[in-house]
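Results of the structural survey
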Amino acid sequence: QVQLVESGGGLVQPGGSLRLSCAASVSISSIVAMGWYRQAPGKQRELVAITARSGATNYADFVKGRFTISRDNAKNTVYLQMNNLKPEDTAVYYCKDVNSPYWGQGTQVTVSS
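Residues numbered from 1 in each chain as written. Predicted model: local features only at pLDDT ≥ 70, side-chain atom pairs only at ≥ 80, totals over all residues. Heavy atoms only, no water.

1. A word on the overall build of the chain
Assigned secondary structure in the chain consists of zero helices and 10 strands. Along the chain, helices and strands appear, N-terminal first, in the series β-β-β-β-β-β-β-β-β-β. Taken against the 2.2 N^0.38 rule, which gives 13 Å for 113 residues, the C-alpha radius of gyration of the chain at 13 Å falls within 12% of a compact globule. The principal-axis extents of the C-alpha atoms in the chain amount to approximately 40 × 25 × 20 Å. In the chain, buried positions account for 42% of the 113 residues. In the chain, once contacts between residues fewer than 6 apart in sequence are set aside, the share between residues at least 24 apart is 52%. (Helix = DSSP H or I, 4+ residues; strand = E, 2+ residues; numbered from the N terminus. Rg over C-alpha atoms; globule rule 2.2 N^0.38 Å. Buried < 20%, exposed > 50% of the residue type's maximum accessible area, 1.4 Å probe, protein only. Contact = heavy atoms within 4.5 Å.)

2. Remarks on the state of the cysteines
Structurally, a disulfide amounts to a covalent bond that connects the sulfur atoms of two cysteines. In this structure the tally under the stated criterion is one disulfide. Across the disulfide, Cys22 is cross-linked to Cys95 (sulfur-sulfur distance 1.8 Å). Judged by the torsion about the S-S bond (70°), the Cys22/Cys95 disulfide is right-handed. Of this pair, Cys22 sits in strand S3 (residues 18-24) while Cys95 is found in strand S9 (residues 91-97), placing the two residues 73 residues apart along the sequence. Assigned by exposure class, Cys22 and Cys95 land together as buried. (Disulfide = S-S within 2.5 Å.)

3. Structural notes on the pairing of strand S4 (residues 33-39)
Of all seven residues making up S4, six are buried, and the element is well covered by its neighbours. The pairing of S4 with strand S5 (residues 46-52) spans six bridges and is classified as antiparallel. When the sheet's bridge partners are listed, Trp36 is paired in S5 with Ala49. Hairpin geometry of S4 and S5 is characterised by an intervening segment of six residues between the two adjacent antiparallel strands and by a positive phi of about 80° at Gly42. As paired strands, S4 and S9 are joined by six bridges and run antiparallel to one another. Looking at the pairing, Tyr37 lines up with Tyr94 of S9. (Pairing = 2+ DSSP bridges.)

4. Focus: the sheet that holds S3
Read across the sheet, four strands follow the order S1-S3-S8-S7 without closing on themselves; strand pairing throughout is antiparallel. Looking at which strands have only one partner, the edges of the open sheet turn out to be strand S1 (4-7) and strand S7 (67-72). Mean inter-strand twist for the sheet, computed between neighbouring axes without regard to direction, equals 15°. (Axes fitted to C-alpha atoms, helices over the stretch in contact; angles between N-to-C directions.)

What is shown is where atoms sit, not what they do.
Put into structure tokens, the structure is as follows:
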């Protein structure tokens, strides 16, 4: 059972940037695909971005051109670089093995002026 710890969230103004980190307890190179998800109050959890072991990446339409998912296999860490943040990006962000049912605590991102 993989353990994932998200960090890097905080309060930023619209147009600002944050980089989220996801530290894994196992070698992420052994995981087929890692994903970033988010959940805002009153809304369902939604997929933000995926990085596959193959190197392929995919993004939700609402973050394309603004967010970048990446990984550092040596550090067993997955990142989400978030640029040009909007108030609607406010949510708790989670990382997860796409093929696992387990969720961590997430990290809060708040975009407000």
